[in-house]
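The lines below spell out each chain.
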Amino acid sequence: MTKTLPRLQRFAANRFSPEGEYGLHLTIGVALLLAAMAVFAQLAGAVVAGAPITQFDAEVANWLHLHARQGGLLREALLILTHMHSTPGILVLAFCVALWLYRTGQRYWTVAVIASVPGGMLLNVALKHTFERARPHFDEPIVTLTTYSFPSGHTMAATVLYGVLACYVARHARTWPGRVLPFVLAALMIGAVAFSRMYLGAHYLTDILAALVEGCGWLAICISGTATLNRRRRARERRESGAASPQDM
């Protein structure tokens, strides 16, 4: 015990230290991932078991479809928005962001974009085929899709894309408003994409909630993972050169 306790104390202190290769940043990332997994499991269990929330899903979907059938400027705007965030659209946006980051010398942020967006989309496809939930069905659908519904691919992709952009901008901001504003704007964009999927009858509410949780968990581990790689490289450079530590990612 006299040897074990000090080791445990050092281990805990290192996990909550803002410095180091495996410090607070990785601890927060793992904690967010575990929390997201727990919430996702609850949502998935409710959907599979046909819990009361699925009845609420149907009521919300029918109410939104009733209003969407009336057409108007809102429906046209949401159709444009949802098509912009389809699989090809998101991949083009992610490629442009990754190319810009690479050309500005942000190698690890480039890795974060590649890992979070295409990687997250592949994860979403795997989950869709795991649960195989049918999409909302209407006599006069606005959009017709043959893929599965749970969780929403558009919402998940928007979450990781705008989430990683918000993290990058906030990381390089110099003021607190500058650190908060990117997340506010990202939340608005993600919310708009998510609402477009429900309004157009492509997804249930629980599909959206599960995709948001999935995206946040995946983004947390991608950001913390690439930050860890960056910190390891900088630590190795410090050991080799003996220089003071530069600012981490």
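Residues numbered from 1 in each chain as written. Predicted model: local features only at pLDDT ≥ 70, side-chain atom pairs only at ≥ 80, totals over all residues. Heavy atoms only, no water.

## Observations regarding the overall build of the chain
Here comes step 1: Across its full length, the chain carries nine helices and zero strands.
Here comes step 2: From first element to last, N terminus to C terminus, the chain shows the α and β order α-α-α-α-α-α-α-α-α.
Here comes step 3: The burial tally for the chain puts 42% of its 249 residues in the buried class.
Here comes step 4: Across the chain, contacts joining residues at least 24 apart in sequence account for 75% of those joining residues at least 6 apart.
Here comes step 5: About 14000 Å² of surface is accessible on the chain, with carbon and sulfur atoms providing 67% of the total. (Helix = DSSP H or I, 4+ residues; strand = E, 2+ residues; numbered from the N terminus. Buried < 20%, exposed > 50% of the residue type's maximum accessible area, 1.4 Å probe, protein only. Contact = heavy atoms within 4.5 Å. Areas by Shrake-Rupley, 256 points an atom, 1.4 Å probe, with all protein chains shown as cover.)

## Thoughts on the packing of aromatic side chains
Here comes step 1: Taken as a whole, this structure holds six aromatic pairs when the rule is applied.
Here comes step 2: On the numbers, 5.7 Å between centres and 40° between planes, the contact of Phe 40 with Phe 150 is tilted. Here Phe 40 is found in helix α2 (residues 24-49), whereas its partner Phe 150 is found in the loop between α6 (107-131) and α7 (153-172), with 110 residues between them in sequence. With respect to burial, Phe 40 and Phe 150 carry one shared label: buried.
Here comes step 3: Seen in terms of ring centroids, Trp 109 and Tyr 168 are 5.4 Å apart; in terms of plane orientation they differ by 80°. Their pairing is edge-to-face. Linking Trp 109 in helix α6 with Tyr 168 in helix α7, this pair joins segments that are 59 residues apart in sequence. Residues Trp 109 and Tyr 168 agree in their burial class; the two are buried.
Here comes step 4: Among the aromatic residues, those joined into a cluster by ring pairs are Phe 40, Phe 131 and Phe 150.
Here comes step 5: Residue placement shows Arg 179 over the ring face of Trp 176; its charged tip is 5.1 Å from the ring centre. (Phe/Tyr/Trp six-rings, centres within 6.5 Å; stacked < 30°, edge-to-face > 60°. Lys NZ or Arg CZ within 6 Å of the ring centre and 35° of its normal.)

## Brief notes about the packing of helix α3 (residues 52-68) against helix α8 (residues 176-199)
Here comes step 1: Two elements in contact, α3 and α8, have axes separated by 8 Å at closest approach and are oriented at 85°. By the angle between their axes, α3 is roughly perpendicular relative to α8. Across the interface between the two elements, Leu 64, His 67 and Ala 68 of α3 pack against Phe 195, Met 198 and Tyr 199 of α8.
Here comes step 2: In terms of residue class, the contact of α3 with α8 is built from five nonpolar, one polar and no charged. (Axes fitted to C-alpha atoms, helices over the stretch in contact; angles between N-to-C directions. Parallel < 35°, antiparallel > 145°, perpendicular 65-115°, else oblique. Nonpolar A, V, L, I, M, F, W, Y, C, P; charged D, E, K, R; others polar.)

## What about helix α4 (residues 73-84)?
Here comes step 1: Compared with an ideal rise of 1.5 Å per residue, which puts 12 residues at 16 Å, α4 spans 17 Å between its outermost C-alpha atoms and is within 8% of the ideal.
Here comes step 2: Where α4 is concerned, the buried positions are Leu 78, Leu 79, Leu 81 and Thr 82. One face of α4 carries all of its buried residues, which in axial projection span an arc of 165°. Of the exposed residues in α4, those oriented more than 90 degrees away from the buried face are Leu 73, Ile 80 and His 83. (Expected span 1.5 Å × (residues − 1). Arc of directions from axis to C-beta.)

## Here we look at the packing of α6 against α7
Here comes step 1: Running from amino to carboxyl end, α6 crosses α7 at an angle of 160°, the nearest separation of the two axes being 9 Å. Considering the angle they form, α6 stands roughly antiparallel to α7. Here the hand of the crossing between α6 and α7 comes out right-handed. The residues of α7 that touch α6, namely those facing Trp 109, Ala 112, Val 113, Ser 116, Val 117, Gly 120, Met 121, Asn 124 and Lys 128, are Gly 153, Met 156, Ala 157, Val 160, Leu 161, Val 164, Cys 167, Tyr 168, Arg 171 and His 172.
Here comes step 2: Across the contact of α6 with α7, the residue classes break down as 12 nonpolar, five polar and two charged. (Left-handed = near helix turned anticlockwise from the far one by under 90°.)

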